[in-house]
Structures are given as C-alpha cells and as structure tokens.
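Read off the chains here:
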Amino acid sequence: MPESFDVPKINLAFLPTPLEALPTLSKVLGGPKLWIKRDDHTGLALGGNKVRKLEFLLADAREKEAELLVTRGAHQSNHCRQTAAAAAKSGFGCKLVLTGERPKDVTGNLLLDWLFGAETVWSGARDPEEVLAETFETADLQGLKPYLIPYGGSNKLGVYAYAKAMEELQLQDSSFDRIVFASSSGGTQAGLILGGYLSGFEGEILGISVDEKASDLQARIANLVNSTAQWLGVEYSIEPEMVRVEDGYLGEGYAKVSNLEREAIRDFAQHEGILLDPVYTGRAAGGLMSLIRRGEIQGDERVLFLHTGGTPAIFVYGEGLIVRSA
Ligand SMILES: Cc1ncc(COP(=O)(O)O)c(C=O)c1O
C-alpha cells in the first residue's frame, strides 16, 4: 500500500501472524493444498481478528483525547473481550453493552471482559444498538470522554486494518487461489477485498456468513469497501454482487452448534493440533470442508483458511462440542 495511506496506529498485535501449511488435513480431504493464517495469534488477550482493527481505532480514540471505549456485542463477544484488553493495556476505561441478560455462568469471553476490568451493561429485551447509543450519551454527559467503537469494529479504520493484513499476507505468499474465513460484521472481508485490489490479489475472497443471509452481508461489505476507498482517495468501487459470500451454513442460527462445527473442530484439532471456535471459525471451516467435499473447491487449488480467533468460547460449550456417534 502506498506510504501516503499511513494512518496512525498503536501497536497491540504480534505481527506478522504465522502462515502454516495444513498437510495432514489436506491429505484427509483429498486435496486442495490447505494453509492457515493464524490471526488467532495476534497476541493480545488470546488473540483474534479484532486486535488488528483496534490498533487503528484506539489511535483515533487517543487522537480525539477520549478516555473511555464504548462498544457492544453478543454476551460471548470476541470483539468485546479484545476491546476490553486493548483498553486496559492502553490506559482507557471500557464499557461494553452485551446482548440479553447476564448468564448464570460467567465463563469464556465474559469472564475475560471482567478480568480486563471492563464494565458490562446488559441490553435485556431492548435493541442493543439503542442501549449502546444511550450508554454513550450518558457517559458523554458525565464528562467521561467516551469513544464509540462500532459493532465488530467495522468502520473505515477496521477495514483499513484488514487491507493492511492482506498486504502482510501477500508478502508472505501471494499464490493462493482462495481465501476462506468467517464473515459477520463485514470489516474483515471488506478490508481483504480492498487490500486485495491494492496488492493485485487475483484469487477469490470467500466469506462464510455466520449469522446473516448473503444479500444483506454483501450490501454492507460493498458499502464498507466503497466508503473506505473514498476516504483513502483510492478510485475503486464494487457492487454487492461482486462480494463473494456463502450463506449455506447458517444452520439453526448464530452460535447454535451442529455437527458441521463439531466435526470441523475435531478435524482441525485431531489432524493439525489447531483449536477452532464454535461460533465463527468452526462454522467457516465446516463450510470450507463441505465445499471441498462437494467439489466446489477443487483438489488442485491452493486455499488459505484465515483463522480469525474466538477460542475462549470453547469453554462455554464444554462437552457439547464433542462429536457423538449415533
Ligand atoms: C472469531 C471471529 N471470527 C470472525 C469474525 C467476523 O469478523 P467481521 O466482524 O470483521 O466480519 C468475528 C467477529 O466478531 C470473530 O469474533
């Protein structure tokens, strides 16, 4: 990416994240040649994709002289856990609006939110976005100097972070036919698309939707790509149909685990010693393995799976993640 694009950042992540071959899994699936990019090893707070976005978001918060980070997510949000840790490390306070009611058991990401000293607010039956706006306004009126981080950290700064990640990947290996990963708020995919355009990547950037039908996610991602390109002064724009999203693996809905995720978690663990999470990477890897078995991804391809993190949620599901034979 040209130097003139340099946007202020604070260092939170261990970069570049490792790129590894998955030889055993490739053999078990009968090809293609699989690789994995370990963004679950971004370092801070057990890692994950949001750490890259937070490097730019927190630099902006600091520039604006904010003192309190305010964001929202599911009650097992990885984004919230990484935000809480980034806030702790960088000297900000942190308020998290979490969806629904406080669960009986405090474990996984929620436990980590508390260990990092974040304050949690429960949205109950209300619209979490409304509760977030209200929480922000109250903090502002109280003079707490809040900074709003959008859902999933997906705005132009979050997109920029993943455009930079694409540049990092291209320097490691630029020969992949496809990159496959979990897509939700869309910032990761938007960044990879923009970074792919800027670095001349010619393969497919395929997001496996974890919680939304393709048309909605494609529209949001195209919007994020186009607004970030405009902000950077890059002449590039895309239509929603150009965003590659697979929404055939939504199952029973967000965070509802089925054998798709269980088997992917088992196969990555037992063939490669790699932990996937039940909500995002388990679903995305399950989708990837299904596309390979259906012949939609062919045996002679070089395919990269981007591991976006999320492993703390494993402990919330416990034995429910083990594949039981019928
Ligand atoms: C582990 C994990 N993977 C993937 C994603 C999706 O990333 P994005 O929201 O940028 O689409 C998330 C978002 O919360 C996540 O926590």
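Residues numbered from 1 in each chain as written. Predicted model: local features only at pLDDT ≥ 70, side-chain atom pairs only at ≥ 80, totals over all residues.

Peer 1: I would appreciate a short explanation of unusual backbone geometry in the present structure.
Peer 2: If a residue is not glycine, its phi is most likely negative; likewise, a peptide bond is most likely trans. That bond from Leu-15 to Pro-16 is cis: its omega, -5°, falls within 30 degrees of zero. Within the secondary structure, Pro-16 is located in the segment before β1 (19-21). Here the bond from Gly-31 into Pro-32 is cis, since omega is -5°, no more than 30 degrees from zero. Positive phi outside glycine occurs at Ala-255, with the angle close to 70°. (Helix = DSSP H or I, 4+ residues; strand = E, 2+ residues; numbered from the N terminus.)

Peer 1: What exactly am I supposed to notice about the domain arrangement of the chain here?
Peer 2: Interfaces are often described in size by the accessible area the parts lose on coming together. When the domains of the chain are assigned, the result is domain 1 (3-48 + 154-321) and domain 2 (50-152). Contacts between domain 1 and domain 2 engage 31 residues on the former and 30 residues on the latter. Of all the elements in the fold, those that place two or more residues in the side of domain 1 that touches domain 2 are α6 (156-172) and α11 (314-317). Per-element tally for the side of domain 1 that touches domain 2: the top contributor is α6, with six residues. (Domains from an automatic or database assignment. Contact = placed C-beta atoms within 7 Å.)

Peer 1: Any chance you could explain helix α7 (residues 187-199) here in plain terms?
Peer 2: In this model α7 runs 18 Å from its N-terminal to its C-terminal C-alpha over 13 residues, within 8% of the 18 Å that 1.5 Å per residue would give. Contacts from the buried residues of α7 go to α2 (50-63), α6, β7 (178-183), β8 (204-209) and α8 (214-232). Once α7 finishes, Gly-200 follows within two positions and takes phi at roughly 75°, a positive value. (Expected span 1.5 Å × (residues − 1).)

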